[in-house]
Amino acid sequence: MIKKLVLVFTILPYAIPTVKANRFKDIYITPISDNTIISFSYVVGLTSEVNFSIYIEYQNEPRNYLYSNKVNITFNFSDEFLLFKEHVKENSYLVFEAKSSNSSSYIKFDLKTQNNNHNLLEQSTFYLEDAIQYIDDRETIHYANETIEFNDLSGELDLTLPYLFYDHICFTKSSYFFQEELPIEKIVMKISDKNNIFPLLNHEGDYAIVNFELTNKNDRYFLSLLDKIYVYNDSLILSSSPKEGFVRTSYLYIPKNCSETEFEITFCFKNLGIQKLNCYYRYILHRKKRYVGGCSTSLNCVKIDESNNYFDTNETEVLV
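Residues numbered from 1 in each chain as written. Predicted model: local features only at pLDDT ≥ 70, side-chain atom pairs only at ≥ 80, totals over all residues. Heavy atoms only, no water.

## Here's the deal with the overall build of the protein
Consideration 1: Counting its secondary structure elements, the protein contains zero helices and 24 strands.
Consideration 2: Counting over 320 residues, the protein shows a buried share of 42%.
Consideration 3: Considering only contacts in the protein between residues 6 or more positions apart, those separated by 24 or more positions represent 57%.
Consideration 4: Carbon and sulfur atoms provide 49% of the accessible area of the protein, an area that totals close to 19300 Å². (Helix = DSSP H or I, 4+ residues; strand = E, 2+ residues; numbered from the N terminus. Buried < 20%, exposed > 50% of the residue type's maximum accessible area, 1.4 Å probe, protein only. Contact = heavy atoms within 4.5 Å. Areas by Shrake-Rupley, 256 points an atom, 1.4 Å probe, with all protein chains shown as cover.)

## Section: the pairing of strand β4 (residues 48–57)
Consideration 1: β4 sits mainly inside the fold: eight of its ten residues count as buried.
Consideration 2: Note that β4 and strand β5 (residues 64–73) share nine bridges and pair antiparallel. Looking across to β5, one finds that Val50 is bridged to Val71.
Consideration 3: Here β4 hands over to β5 after six residues, the two strands then running antiparallel side by side.
Consideration 4: Relative to strand β7 (residues 93–99), β4 runs antiparallel, the two being bridged by seven bridges. Considered in β7, the bridge of Ile56 is made with Leu94. (Pairing = 2+ DSSP bridges.)

## Remarks on the packing of aromatic side chains
Consideration 1: Here the structure, examined in full by the defined rule, presents 29 aromatic pairs.
Consideration 2: Between Tyr28 and Phe177 the ring centres are 5.9 Å apart and the planes differ by 65°, which places this aromatic pair in the edge-to-face class. Highlighted residues: Tyr28 in strand β2 (residues 28–29) and Phe177 in the loop between β13 (170–175) and β14 (186–192), separated in sequence by 149 residues.
Consideration 3: Relative accessible area serves as the criterion here: at 44%, Tyr28 is assigned to the partly exposed category.
Consideration 4: The exposure class of Phe177 is buried, given its relative accessible area of 15%.
Consideration 5: Where Tyr251 meets Tyr253, the ring centres are 5.8 Å apart and the plane angle is 50°; that geometry is what we call tilted.
Consideration 6: What makes Tyr251 partly exposed here is its relative accessible area of 37%.
Consideration 7: Positioned above the aromatic ring of Tyr58 is the side chain of Lys89, whose terminal nitrogen or guanidinium carbon lies 5.2 Å from the ring centre.
Consideration 8: Here the guanidinium or amino end of Lys108 rests over the ring plane of Tyr93, the centre of that ring lying 4.5 Å away. (Phe/Tyr/Trp six-rings, centres within 6.5 Å; stacked < 30°, edge-to-face > 60°. Lys NZ or Arg CZ within 6 Å of the ring centre and 35° of its normal.)

Keep in mind that these numbers describe shape and distance, not what the molecule does.
Okay, structure coming up:
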């Protein structure tokens, strides 16, 4: 008897490719706060002539075409286009289309704007579920959230040192979307200066203007000077540009001859994080006594004898 050997093969389904051969890549869509340049790339497996069409799709209006092009691509093609904020409306979408003889792509992103300017004394935590939209190598859209949380801030603070402090301001950021650096368009400090206390600093109207940047320390973000600031040590006058006798400083000193008792300061954050947060923090620094000066009006003074009987009438004040 002849024995037959029967081989049983397990037929596996065709493996689903992990990468789409012709596809869009490197597209990141965040809330639109200003006119925005949108970048994109397109890769092909084989040299192809690709027709691109990018437009905004509305619910009850004709499409608004932003970009059209026909390109012969060998491997990779990159370009960009301008998206105007006023073109973004409620229930509008940004559509990317690419067509060639052997493939096509169609991607549809939600569009939203970021208009609010938040007061940090009223709200300190900001969460956005879909702070960013991006695609994988199968052209599937993914969403990532972002949380930005400022520390508790006060609108009234006491000034005990001879400079305007800001190191009490900090925040944390968390998101599933990895970034080496937290994006921020600008951070501006505005110092009310109607009496021209800071004549050599840059000004906008009645405000002295100083620009800042972010410093990351143990996953907490603090403010540090972006502008170069110079001080004249004899008078503590500040300057936004180098001058003879002035040296670089990291402190915003109050001039020695300044008699002001209150300093109104506003910090403005523009397009912070991937959620494009706009917010501001206004506070007042109260100077009850000057740091150095007469014994009855200052925190520090030089006494000639041990008496504490010092009044404005018998004091001699010398600037040091």
